[in-house]
There are 2 protein chains.
Amino acid sequence: METKEEKKAQGDKREKILQGALEAFAKKGFYNTKVSEIADEAGVADGTIYLYFKNKDDLLISLFEDRMEWIIDRIEAELEQVEGGTIEKVRRYMELHFQLAVENPALAEFITVELRQSAKFIKEYDNPKFGDYLGILKRLIEEGQQDGTFREDLDSRLVSRAVFGALDEVLLQLTLSAEKPSDVSLEATQVSALLIDGLRARE
Amino acid sequence: METKEEKKAQGDKREKILQGALEAFAKKGFYNTKVSEIADEAGVADGTIYLYFKNKDDLLISLFEDRMEWIIDRIEAELEQVEGGTIEKVRRYMELHFQLAVENPALAEFITVELRQSAKFIKEYDNPKFGDYLGILKRLIEEGQQDGTFREDLDSRLVSRAVFGALDEVLLQLTLSAEKPSDVSLEATQVSALLIDGLRARE
C-alpha cells in the first residue's frame, strides 16, 4: 500500500510533467514537441513520463482535462459571488473567459491553439470537461429563459455553442496578438453587449 | 514562352493536386498525410507536387487561399441577389456559411478542423483571404450601422470576429456530427436570430 507521502509525491510529479508540457507546447507547438523536451521542462527523466501518461496525445488530453477542471472550479466560485441576476452572471462568465489571456497566456494559447492541433482530441471533442464548461453557459441561458430575462425561442444547447465560439475566437485573437494583452475590458464589454442583447427577451 | 494549352494543362494539374490534398487531409488529417498519399489521390508522381508547392505547409496554405477565393466569389455573387436590406444580407451570409457542411463537407472539415492543425497557418492567421472573408461581414455590419439598422456602439472589427467565431463553432459541430447534415435551416435561423438581434439598433 502507498503511504500518503508517496501519493503526494506522485501527484507533484504528475503536475510537474503537466506544467512542463504546457510550457513546451507553448514554445514549439504540440506536433513539434518531443517527449524528451517535455521531460526537460519538467525536470524528470524521459521514462518517467510514461509512468504517468501513455503517449503525447494522452498527455495533451490529461493536461486539457486537468486545466479545464481548474477553470471550471474557479468560474463556479466566481459566479457564486456575483450579485445580480442572470445577465450579470453571463457577463462575468465572458469576462473570466477573456481574462485567461491576461492571467495565464500559456494556458489560453494551449486551449485556443494547441488543442486543435491534436486530431485525436478533435475527434473526442465531446470531451466531458469541455462539456462541463459549456454546460455552465447552457445552464445560465436556461436560467435566464426560466426567469424571463432571455428569449425562449432559442435552443440553449445550440446557442451556448455559438456563444462559446464567439468567445473562443476573440480569445484566440487576444492570444495571437503581438503584445500580450493587459486589459480585456473592451473585448468583454463589446462581446457581452452583442451576445446578451441577442439573448434578451423583448416585449 | 508557354502556349495557352501548356498554361491550361499546368492549371489543371495544380487543381488536381489541391483536390487530392483536400481529400487526403479529410481522410487522415494534415499531420498524418504523406506527400506521396496526396500524389496518389491526385494521380500524379510524387515529384510533380514539388514543381507546384514547396512543401506540405505551402500546399495547405495554397489550398486554403484557393478555396477561400471560391467561397468569397460565391458569397459576393449571392449577396448581390439578395432582395432586402442589410439584415437579409447578414442572414444570407450566415446561411451560406453553414450550407458548406451540406454542399462540400470535405471543404467544411478542412476549414474548421485541418486548417488549425498547421502551426504555420495559425501564425499566419492574418491570411489575406481569411481577412477578405471576414471583411465582407465587417462591411455588412458597417453598412447596417450607417443605414441605422445596427447599433453604432459596437466596434465592427471586433464584433465581426466574434460573429465569425460563433459561425465557425457551429459549422465545426455540423462537420463533426456522426451523420452528415442535409439541412442547416435550424442552425441558420437560431444563430442569425441571436446575432442579428444583438447587432440591431433599438430606440
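Every value quoted in this text rests on a predicted model; they were computed, and no experiment measured them.

S.K.: Explanation requested: the overall build of chain A in the structure shown.
M.R.: Per the secondary structure count, chain A includes 10 helices and 0 strands. In terms of principal-axis extent, the alpha carbons of chain A reach across some 65 × 45 × 30 Å. Taken over 203 residues, chain A has a buried fraction of 36%. Relative to all contacts within chain A whose residues are 6 or more apart in sequence, the contacts with residues 24 or more apart total 69%.

S.K.: Looking at this model, I keep getting lost on the interface of chain B and chain A. Mind explaining?
M.R.: How big an interface is tends to be expressed through the accessible area that disappears when the partners come together. Opposite the 34 residues of chain B that make contact, chain A presents 34 residues. Looking at the side of chain B that touches chain A, the elements that each hand over two or more residues are helix 7 (119-123), helix 9 (156-176) and helix 10 (185-199) of chain B. Here the side of chain B that touches chain A takes 13 residues from helix 9 of chain B, the largest share from any one element. Class assignment for the residues of the side of chain B that touches chain A results in 19 nonpolar, 7 polar and 8 charged.

S.K.: Help me out: how do you make sense of the domain arrangement of chain A in this one?
M.R.: Residues and elements named next belong to chain A. Parsing chain A into structural domains produces domain 1 (1-53) and domain 2 (55-199). Its C-alpha centre places domain 1 at a distance of 27 Å from the equivalent point of domain 2. Per-element accounting of the side of domain 1 that touches domain 2 gives the leading share, 6 residues, to helix 1 (residues 4-28). Looking at the side of domain 1 that touches domain 2 residue by residue, the class counts come to 9 nonpolar, 1 polar and 1 charged.

S.K.: What am I meant to see in the relation of the copies chain B and chain A here?
M.R.: Between the two chain copies there is a screw-like relation: a rotation about an axis and a shift along it. Once turned by 180 degrees and shifted 0.0 Å along the axis, chain B lies on chain A with an RMSD of 0.0 Å. Such a combination of rotation and displacement between the chain copies is what one expects of a two-fold axis. When the interface residues of chain B are mapped onto chain A, 100% of them again fall at the interface, so both copies present the same face.

S.K.: Even after reading the chapter, I still don't get the packing of helix 9 (residues 156-176) of chain A against helix 9 of chain B, so can you show me in this structure?
M.R.: Any two packed helices are characterised by the angle at which their axes cross and by the distance between the axes. Across the interface, helix 9 of chain A lies against helix 9 of chain B with an axial gap of 7 Å and an inter-helix angle of 120 degrees. Here helix 9 of chain A lies oblique to helix 9 of chain B, going by the angle between them. Considering the relative orientation of helix 9 of chain A and helix 9 of chain B, their crossing is right-handed. Counting all contacts with helix 9 of chain A, which are made through Arg161(A), Ala162(A), Val163(A), Phe164(A), Gly165(A), Ala166(A), Asp168(A), Glu169(A), Val170(A) and Gln173(A), the residues of helix 9 of chain B involved are Arg161(B), Ala162(B), Val163(B), Phe164(B), Gly165(B), Ala166(B), Asp168(B), Glu169(B), Val170(B) and Gln173(B). Looking at the contact of helix 9 of chain A with helix 9 of chain B, its residues break down into 10 nonpolar, 4 polar and 6 charged.

S.K.: Quick question: what am I supposed to make of the packing of helix 6 (residues 105-112) of chain B against helix 9 of chain B here?
M.R.: Residues and elements named next belong to chain B. The N-to-C vectors of helix 6 and helix 9 enclose an angle of 130 degrees; their axes lie 9 Å apart at closest approach. Classified by the interaxial angle, the pair formed by helix 6 and helix 9 is oblique. Between helix 6 and helix 9 lies a crossing of left-handed hand. Every residue of helix 9 that contacts helix 6 at Pro105, Ala108, Glu109 and Thr112 is listed here: Asp168, Leu171, Leu172 and Thr175. Classifying every residue of the contact of helix 6 with helix 9 gives 4 nonpolar, 2 polar and 2 charged.

S.K.: Where do I start with the environment of Asp197(A) in this structure?
M.R.: Relative to the helices and strands, Asp197(A) is located in helix 10 (residues 185-199). What makes Asp197(A) partly exposed here is the crowd of 18 C-beta atoms within 10 Å. Distance in space between the C-alpha atoms of Asp197(A) and Lys13(A) is 46 Å, their sequence separation being 184 residues. Aside from chain neighbours lying at most four places away, what touches Asp197(A) is Asp197(B) and Gly198(B).

S.K.: I tried to follow helix 10 of chain A on my own but got confused; where do I start?
M.R.: Side chains of residues three or four places apart in an α-helix project in the same direction, reflecting 3.6 residues per turn. Helix length check: helix 10 of chain A (15 residues) gives 20 Å between terminal C-alpha atoms against 21 Å at 1.5 Å per residue, within 8%. Buried within helix 10 of chain A are the following residues: Glu187(A), Ala188(A), Val191(A), Ser192(A), Leu194(A), Leu195(A), Ile196(A), Gly198(A) and Leu199(A). Close packing links the buried residues of helix 10 of chain A with helix 5 (86-103), helix 8 (128-146) and helix 9 of chain A together with helix 9 and helix 10 of chain B.

S.K.: What am I meant to see in the environment of Gly148(A) here?
M.R.: Structurally, Gly148(A) can be placed in the loop between helix 8 and helix 9. By C-beta crowding, Gly148(A) is classed as exposed, having 10 other C-beta atoms within 10 Å.

S.K.: Teacher, can you tell me more about the confidence of the model for chain A here?
M.R.: For any part of a model where pLDDT is low, the fine detail of the predicted coordinates should not be relied upon. In this model, chain A carries an average pLDDT of 90, and 93% of its residues clear a pLDDT of 70 or more. Least confident of the elements in chain A is helix 7 (residues 119-123) of chain A, whose mean pLDDT is 60; most confident is helix 10 of chain A, at 96.

S.K.: Help me understand the environment of Glu187(A) in this model?
M.R.: Take Glu187(A): it is sitting in helix 10. A tally of 25 C-beta atoms within 10 Å means that Glu187(A) is categorised as buried. As for Glu187(A) and Gln99(A), which are separated by 88 residues in sequence, their C-alpha atoms are 9.9 Å apart. Dropping the residues within four chain positions of it, Glu187(A) is found in contact with Phe98(A), Val170(A), Leu174(A) and Leu158(B).

What counts, and where the lines are drawn
- Residues numbered from 1 in each chain as written.
- Chains lettered and ligands numbered in written order.
- Predicted model: local features only at pLDDT ≥ 70, side-chain atom pairs only at ≥ 80, totals over all residues.
- Helix = DSSP H or I, 4+ residues; strand = E, 2+ residues; numbered from the N terminus.
- Buried ≥ 20, exposed ≤ 12 C-beta atoms within 10 Å, placed from the backbone.
- Contact = placed C-beta atoms within 7 Å.
- Nonpolar A, V, L, I, M, F, W, Y, C, P; charged D, E, K, R; others polar.
- Domains from an automatic or database assignment.
- Least-squares fit on C-alpha atoms with pLDDT ≥ 70 in both.
- Axes fitted to C-alpha atoms, helices over the stretch in contact; angles between N-to-C directions.
- Parallel < 35°, antiparallel > 145°, perpendicular 65-115°, else oblique.
- Left-handed = near helix turned anticlockwise from the far one by under 90°.
- Expected span 1.5 Å × (residues − 1).
- pLDDT = per-residue confidence, 0-100.

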